[in-house]
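Read off the chains here:
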Amino acid sequence: MNPTSGFIYNVFEWITRFAYLNLLWILFSLAGGIIFGFFPATIAMFAITREWLKGNTEKPILKAFWEYYRRDFLKSNLLGIFISIIIFLITIDIIYIQSNTNGDLTWTYIPLFAFMLLFIMLLFYIFPAFVHYDIKVQYVMKNSFFIMLINPFNSLLIILCLVPIFFIMKGFPALAFIFGGSSYAYITMWISLHAFNKTNKKNGNPVNIEN
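(A) Inspection of the overall build of the protein chain at higher detail. Of regular secondary structure, the protein chain possesses 8 helices and 0 strands. For the protein chain, the sequential pattern of α-helices and β-strands runs α-α-α-α-α-α-α-α. Seen along its three principal axes, the alpha-carbon backbone of the protein chain occupies a region of about 70 × 45 × 35 Å. When burial is assessed residue by residue, the protein chain has 40% of its 211 residues classed as buried. Taking contacts inside the protein chain between residues at least 6 apart in sequence as the whole, the part at least 24 apart equals 76%. As displayed, the protein chain has an accessible area near 12,200 Å², and 72% of this comes from carbon and sulfur atoms.

As structure tokens, then:
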């Protein structure tokens, strides 16, 4: 196989991997009734992208996905409860502010949107931290927040990478269905791993000091 053919083969192989992983994410989310399946499927997707980034690409994707999905089913849903509560509270605040017709509460949009921005950036690290560190859910939240604060460049880099992908997939919805989840997981996992390594070097020891 000549270099050009080898390159083309590798490109199509990775396209197939991303599409297959995204399909498994959708199917396993549906298998759990979405409510109970979304977070285990998302964790499994991030765990596989982490293995890919570490160079471990030989294990069958379906087998690995099922192992992560089953192993972290309860723990990932517990994480999902924390995330869902925060999203619910944000939604309630937005509805309450919008329902206030006299405008007395419009100033509260500023701290609310600031909190929403922090929460979105926190979400960039929550799933990668979950699969990278073997720690309890409360420490996943704490470590993700800590890593987010001390790595603003990495957070900005994630945004810069995701924004153009968002607009591309917005223009071509089929791409979002085929690659949306897996591409997001790969990008955030890749940048998060750099943030984790940098944080560990700064502190001289791993972040996951709590077990």
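Additional details are given in the paragraphs that follow.
(B) Geometry of the side chain of Ser76. Considering the arrangement of structural elements, one finds Ser76 in helix 4 (residues 73-99). Setting aside chain neighbours within four positions, we find Ser76 in contact with Phe39, Pro40, Ile43 and Phe130.

(C) Molecular detail of the side chain of Ser29. In this structure, Ser29 sits in helix 1 (residues 3-31). Within the structure, Ser29 has its side chain in polar contact with the backbone oxygen of Trp25 (distance 2.7 Å). Beyond its immediate chain neighbours, meaning those up to four positions away, Ser29 contacts Ile34, Gly37, Phe38 and Ala41.

(D) Highlighting unusual backbone geometry. Residues other than glycine seldom take positive phi values, yet Ile34 does so here, at roughly 65°. As for its position among the elements, Ile34 is in the loop between helix 1 and helix 2 (38-53).

(E) Inspection of the packing of helix 2 against helix 5 (residues 109-132) at higher detail. Where helix 2 contacts helix 5, the two axes come as close as 9 Å, and the packing angle between them is 70°. With respect to helix 5, the axis of helix 2 lies roughly perpendicular. When you trace helix 2 past helix 5, the crossing you get is right-handed. Contacts between helix 2 and helix 5 involve Phe39, Thr42, Ile43, Phe46, Ala47 and Arg50 from the former and Phe127, Pro128, Phe130, Val131 and His132 from the latter. For the contact of helix 2 with helix 5, the residue count by class is 8 nonpolar, 2 polar and 1 charged.

(F) Representation of helix 4 in the model. Here helix 4 contains 27 residues, and its C-alpha end-to-end distance of 38 Å stays within 8% of the 39 Å for a straight helix at 1.5 Å per residue. Those residues of helix 4 that fall on the buried side of the exposure criterion are Ser76, Asn77, Leu79, Gly80, Ile83, Ile90 and Ile97. The secondary structure elements touched by the buried residues of helix 4 are helix 2, helix 5 and helix 6 (137-150).

Rules behind the numbers
Residues numbered from 1 in each chain as written. Predicted model: local features only at pLDDT ≥ 70, side-chain atom pairs only at ≥ 80, totals over all residues. Heavy atoms only, no water. Helix = DSSP H or I, 4+ residues; strand = E, 2+ residues; numbered from the N terminus. Buried < 20%, exposed > 50% of the residue type's maximum accessible area, 1.4 Å probe, protein only. Contact = heavy atoms within 4.5 Å. Areas by Shrake-Rupley, 256 points an atom, 1.4 Å probe, with all protein chains shown as cover. Polar contact = N/O pair within 3.5 Å; in protein donor to acceptor, adjacent residues only side chain to side chain. Axes fitted to C-alpha atoms, helices over the stretch in contact; angles between N-to-C directions. Parallel < 35°, antiparallel > 145°, perpendicular 65-115°, else oblique. Left-handed = near helix turned anticlockwise from the far one by under 90°. Nonpolar A, V, L, I, M, F, W, Y, C, P; charged D, E, K, R; others polar. Expected span 1.5 Å × (residues − 1).

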